[in-house]
Amino acid sequence: MVRAGLEPAVTAATIDAVTVFEERSLRRHDGPSEDFVERLVGRNILAAVRRGKFLWLPLSGSPARSGSPAILGSPAFSGSLEISGSGEALVVHLGMSGQVLLRDVAQADDALLRIRLDITSPAHGPLRVDFVDQRIFGSMAIDRLLPTPDGHAAGFGADAALIPSQVAHIARDPLDPAFSDRRFFDALAKRRTGIKRALLDQNLISGIGNIYADESLWAARVHYDQPTATLSRARARALLAEVRLVLGRALAEGGTSFDAQYVNVNGASGYFSNSLSAYGQQGKNCPRCGRLIIRESFMNRGSHFCPFCQRIRAS
DNA sequence: CGTTGGCCCTGATCGC
DNA sequence: TGCGATCAGGGCCAAC
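All of the points below concern the structure found in this document.

Rules of the game
- Residues numbered from 1 in each chain as written.
- Chains lettered and ligands numbered in written order.
- Predicted model: local features only at pLDDT ≥ 70, side-chain atom pairs only at ≥ 80, totals over all residues.
- Heavy atoms only, no water.
- Core = buried A, V, L, I, M, F, W, Y, C linked by side-chain atoms within 4.5 Å.
- Buried < 20%, exposed > 50% of the residue type's maximum accessible area, 1.4 Å probe, protein only.
- Helix = DSSP H or I, 4+ residues; strand = E, 2+ residues; numbered from the N terminus.
- Arc of directions from axis to C-beta.
- Contact = heavy atoms within 4.5 Å.
- Pairing = 2+ DSSP bridges.
- Axes fitted to C-alpha atoms, helices over the stretch in contact; angles between N-to-C directions.
- Polar contact = N/O pair within 3.5 Å; in protein donor to acceptor, adjacent residues only side chain to side chain.
- Near = heavy atom within 4 Å.
- Nonpolar A, V, L, I, M, F, W, Y, C, P; charged D, E, K, R; others polar.
- Phe/Tyr/Trp six-rings, centres within 6.5 Å; stacked < 30°, edge-to-face > 60°.
- Lys NZ or Arg CZ within 6 Å of the ring centre and 35° of its normal.
- 1 Å grid on protein atoms, 1.4 Å probe; cavity = no way out; pocket = protein on both sides within 12 Å on 5 of 7 lines; lining within 4 Å.
- Points joined across faces, edges and corners; volume = space filled by probe spheres on them.

## Here we look at the nonpolar core
Here's step 1: Counting 29 residues, the largest nonpolar core has F184, L188, I195, L199, I208 and L239 as the members making the most contacts within it.
Here's step 2: Elements represented by at least two residues in this core include exactly helix 5 (181-190), helix 6 (195-200), helix 7 (210-220) and helix 8 (233-254).
Here's step 3: With 28 residues, the next largest nonpolar core counts F36, L117, I119 and M140 among its residues.

Right, dumping it as structure tokens:
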């Protein structure tokens, strides 16, 4: 999807210029926007990696700064350059309305454009990476890379077992080969909370938003507030399988190819149109049993479900 | 430490 | 036509 669409265009590309239109989109960046810009210009993008709703672009070493050539020449400094250079990434947090749009330089600006990277791609020439975000829940930041605790590649598109510090606490995506089913089930058994809250807890499992949670729960016939500890291992296994189906379908349908010159990060858009069974379907018939889907307020969000198919079970 | 509620944001939509 | 109220929700953080 987004990451896959972005990858061929940004890998090995050089960042020529950076424009910050909205300071609040740098809320998670540790420093002023000038610092953000200075540290990006001149560097190369090494890859495009995703975990859950976080996307990051590992960066080459810092560009040589004018002003201190003597220090730059010392062995100690060039050594630290290499270390710090391999240890930083541009982190993109999409929030709920964030998009990363790959654009031709001739295309008109989006009204909600927050940050722009002008890049030169070896394969495609000059391009723009536009960060568009209506509600400014998302953000960009430069962050240092840390080793992953399990030693496995950090996410989709990653060769290295390195993850930005801001993303280190985010659990693996269930489609990630290194995701441990058993650890997930064990965690569910220990929790004292409802299943939907657990599905939305990014410390436990990532990549599931409100829509995918409701769709997965509907497919597995599980009530959103079923206590996780009472969910049988078999039902938990079935639920996880549905989560993977929903996420996989969303990936397939949300995918936009690069030659469209437009990469839509909001992977749900393609998925929304025709295949929703529960989310936003309140007042409509359950596609399975025909009874009415209802909506309840939960966690400052909506929970959409079939009260007949999805009931809290004793165990 | 696990759990929970509240907050951040603004464009679109709705009712009057 | 205008305008205020309401809704949408991912992740973070304070409070219990």
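## What to know about helix 2 (residues 33-40)
Here's step 1: Among all positions in helix 2, only S33, F36, R39 and L40 are buried. Relative to the axis of helix 2, the buried residues are bounded by an arc of 135° and lie together on one face. When the buried face of helix 2 is taken as reference, the exposed residues oriented beyond 90 degrees from it are E34 and E38.
Here's step 2: In this fold, the buried residues of helix 2 make contact with strand 1 (14-20), strand 4 (88-93), strand 6 (113-121) and strand 8 (139-147).

## Considerations on the sheet that holds strand 7 (residues 125-133)
Here's step 1: Judged by pairing direction, the sheet is antiparallel, and its 4 strands sit side by side in the order 1-6-7-5 without closing on themselves. Bordering the open sheet on either side are strand 1 and strand 5 (98-103), each of which pairs with just one other strand. Looking at each pair of strands side by side, their axes are set apart by 15° on average, direction ignored.
Here's step 2: With respect to the sheet, helix 1 (residues 2-10) is in contact with strand 5, strand 6 and strand 7, its orientation differing from that of strand 5 by roughly 35°.

## Side note on the pairing of strand 6
A regular strand places its side chains so that they alternate between the two faces of the sheet.
Here's step 1: With respect to burial, strand 6 is a largely interior element, 8 of its 9 residues being buried.
Here's step 2: Across 8 bridges, strand 6 lies against strand 7 in antiparallel orientation. The residue bridging L113 from the neighbouring strand is V132, located in strand 7.
Here's step 3: The turn joining strand 6 and strand 7, which pair antiparallel and follow one another in sequence, is formed by 3 residues.

## What to know about the side chain of R116
Here's step 1: For R116, the location among the structural elements is in strand 6.
Here's step 2: A distance of 2.9 Å separates polar atoms of two side chains, one belonging to R116 and the other to D130.
Here's step 3: Residues in contact with R116, not counting those within four places in the same chain, are A17, V18, T19, F21, D109, R128, V129 and D130.

## A look at the protein's contact with DNA strand C
Here's step 1: Inspection of the region around DNA strand C gives 17 residues, with R28, F137, Y279, R295 and R301 positioned closest.
Here's step 2: Backbone sugar and phosphate groups make up 58% of those atoms of DNA strand C lying within 4 Å of the protein.
Here's step 3: Q202 places a side-chain nitrogen or oxygen 3.3 Å from a phosphate oxygen of DNA strand C.
Here's step 4: Contacts to DNA strand C include R295, whose side-chain N or O atom sits 2.7 Å from a phosphate oxygen.

## Side note on the environment of N300
Here's step 1: Looking at where N300 falls in the secondary structure, it is placed in the loop between strand 10 (294-298) and strand 11 (301-305).
Here's step 2: By relative accessible area, N300 is classed as exposed at 81%.
Here's step 3: For the pair N300 and L217, spaced 83 residues apart in sequence, the C-alpha to C-alpha distance is 18 Å.

## Some points on the protein's contact with DNA strand B
Here's step 1: With respect to spatial proximity, the complete set of residues near DNA strand B consists of R24, R27, L112, Q134, R135, F137, R191, R192, T193, R197 and N300.
Here's step 2: A share of 62% is what sugar and phosphate atoms reach among the atoms of DNA strand B within 4 Å of the protein.
Here's step 3: Here R24 contributes a side-chain N or O atom positioned 2.5 Å from a phosphate oxygen of DNA strand B.
Here's step 4: With respect to DNA strand B, the side chain of T193 contributes an N or O atom lying 2.9 Å from a phosphate oxygen.
Here's step 5: For the surface near DNA strand B, the per-class residue count stands at 2 nonpolar, 3 polar and 6 charged.

## Let's talk about the packing of aromatic side chains
Between two aromatic rings, the relevant description is the distance of the centres plus the angle of the planes.
Here's step 1: Scanning the model with the defined rule gives 4 aromatic pairs in all.
Here's step 2: Seen in terms of ring centroids, Y224 and F298 are 4.8 Å apart; in terms of plane orientation they differ by 55°. Their pairing is tilted. Separated by 74 residues along the polypeptide, Y224 in the loop between helix 7 and helix 8 and F298 in strand 10 bring together distant segments of the chain. There is no split in this pair, since Y224 and F298 are both buried.
Here's step 3: Relative to F305, the ring of Y224 has its centre 5.3 Å away and its plane inclined at 70°; by these criteria the two rings are edge-to-face. Here F305 lies in strand 11 and Y224 lies in the loop between helix 7 and helix 8, a separation of 81 residues in the sequence.
Here's step 4: Its relative accessible area of 8% is what places Y224 among the buried residues.
Here's step 5: Taken together, the ring pairs in this structure connect F179, F184 and F185 into an aromatic cluster.
Here's step 6: One residue, R288, lies across the ring of W218, its end atom 4.1 Å from the ring centre.

## Observations regarding the layout of surface pockets
Here's step 1: Here the second largest pocket defines a volume of roughly 410 Å³.
Here's step 2: In this structure, the second largest pocket is lined by 18 residues; those nearest its centre are R51, D150, A171, R172 and R183.
Here's step 3: The leading source of residues in the lining of the second largest pocket is helix 5, at 3 residues.
Here's step 4: Of the residues in the lining of the second largest pocket, the class split is 10 nonpolar, 4 polar and 4 charged.

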